[in-house]
Amino acid sequence: MAKHRLTRRTSVRGVQLVGLTAALAAAAGTSAVALSPSAGPANAGTSATAGQLEAMTAARVERRDLASRDMARFDLSLASTRKAQIDAAAVAKARQAKLTANATLTARRALALSAAKAQAAAKAKALAKAAAAAKAEALAKAAAAPKVVLPTTGYHLTAGFGQAGGRWAKNHTGLDFAAPLGTPIRSVMAGEVIQADYEGAYGRQVKVRHADGTVTSYSHMSEFDVSVGDTVKAGDQVGAIGVTGNTTGPHVHFEVLPGGGDPIDPKPWLREHGVNP
């Protein structure tokens, strides 16, 4: 009787311990703990704590490995990004340097072109000014120089200066321009009429004094077209070809008297003044 009670009591206690151990294992999240009916309280508690620690340690190690791998990938990505940024900055810097160099070269070329244009314009202006000055000087000289023409047109020379002959009391003192009767006789230069009269062997004669004091004489005219005191220009008509005075045919006897004195050979004088009889 007493033995039966002891056995029953022991069985109940063992069942209670097993149930308590299982409950503790379930509460700790350990489902793989193998318990036997004969396991005591001390063994069950020790087995559940070791499994927990091992699982927690493995989880920590795995998390550290994952974190380490993630950090390594992050470092690689960061390094790659930094390298790309450095390369891009170098490319941008080189491009900017090239653009700056091109802009500087363009500016220098523009300055050189502008300077060349300014120099060419200044040279052209100087040449134009010089040409204008030369033209003005030529015009002034032309205006200052007396214009000279021949005393008549359609002529031929019949006697020269210094010729001797029975038609003259002394050697010939002028140049004879033979032309048809009535051919106009012109003043060879601008001047003032100082004589328009009949002069013996010279027939009708006109004399003109010019600015330099030279006097030119026109003889044997058929008519007078000017009077004493008239002002004439080079080429103005002073008379017409005639046969008045001592003459054998229609012509104008032309003389040049420097300063109104003795006559000189008209041919060189006319040539010096730009006309060739």
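Further up the page is the structure itself.
Residues numbered from 1 in each chain as written. Predicted model: local features only at pLDDT ≥ 70, side-chain atom pairs only at ≥ 80, totals over all residues. Heavy atoms only, no water.

*Asks:* Give me the overall build of the protein chain: which residues, what numbers.
*Replies:* Looking only at helices and strands, the protein chain has three helices and nine strands in total. A buried classification covers 23% of the 277 residues belonging to the protein chain. As displayed, the protein chain offers around 18300 Å² of accessible surface, 60% of which is attributable to carbon and sulfur atoms. (Helix = DSSP H or I, 4+ residues; strand = E, 2+ residues; numbered from the N terminus. Buried < 20%, exposed > 50% of the residue type's maximum accessible area, 1.4 Å probe, protein only. Areas by Shrake-Rupley, 256 points an atom, 1.4 Å probe, with all protein chains shown as cover.)

*Asks:* Summarise the pairing of strand β8 (residues 237–241); cite the residues concerned and give the values.
*Replies:* For β8, the buried fraction is high: four of the five residues fall into the buried class. Across three bridges, the pairing between strand β3 (residues 184–186) and β8 is antiparallel. The residue of β8 that forms the bridge with R186 is Q237. Two elements, strand β6 (residues 215–224) and β8, share three bridges in a ladder whose sense is antiparallel. Bridge assignment links M221 to a residue of β8, and that residue is I241. (Pairing = 2+ DSSP bridges.)

*Asks:* For the nonpolar core, give the residues involved together with the corresponding values.
*Replies:* Within soluble globular proteins, side chains that are nonpolar tend to cluster in buried spots. By size, the foremost hydrophobic cluster in this structure holds 23 residues, and its most contacted members are I185, V206, Y218, V238, F254 and L270. Going through the elements one at a time, β2 (175–178), β5 (204–210), β6, β8, β9 (251–257) and α3 (266–272) are the ones with two or more residues in this core. Top element by residues in this core is β9. It accounts for three residues. (Core = buried A, V, L, I, M, F, W, Y, C linked by side-chain atoms within 4.5 Å.)

*Asks:* Which residues make up the side chain of T247, and what values do they have?
*Replies:* Looking at the secondary structure, you find T247 in the loop between β8 and β9. Within the local environment of T247, its side chain forms a polar contact with the backbone oxygen of G249, the two atoms lying 2.6 Å apart. (Polar contact = N/O pair within 3.5 Å; in protein donor to acceptor, adjacent residues only side chain to side chain.)

*Asks:* Describe a nonpolar patch on the surface, listing the residues and the values that go with them.
*Replies:* Side chains of M71, F74 and L78 sit close together on the surface and give an oily, nonpolar patch of about 290 Å² of accessible area. Note on placement: L78 falls in helix α2 (residues 41–144). (Patch = residues over 30% accessible without salt bridge, like charges linked within 9 Å, V, L, I, M, F, W, Y side chains within 5 Å. Salt bridge = Lys/Arg side-chain N within 4 Å of Asp/Glu carboxyl O.)

*Asks:* How would you sum up the packing of aromatic side chains? Please name residues and give values.
*Replies:* What the rule picks out here adds up to three aromatic pairs. Ring centres of Y155 and F177 lie 4.9 Å apart, and the angle between their planes is 75°; on these two criteria the pair is classed as edge-to-face. Of this pair, Y155 sits in the loop between α2 and β1 (156–159) while F177 sits in strand β2, and the two are 22 residues apart along the sequence. Ring plane angle 45° and centroid distance 5.5 Å describe the contact between Y218 and F254, whose orientation is recorded as tilted. In this pair, Y218 sits in strand β6 while F254 sits in strand β9, placing the two residues 36 residues apart along the sequence. Across this residue pair, the class does not change: Y218 and F254 are buried. Aromatic rings pair up to connect Y155, F177, Y218 and F254 into one cluster. (Phe/Tyr/Trp six-rings, centres within 6.5 Å; stacked < 30°, edge-to-face > 60°.)

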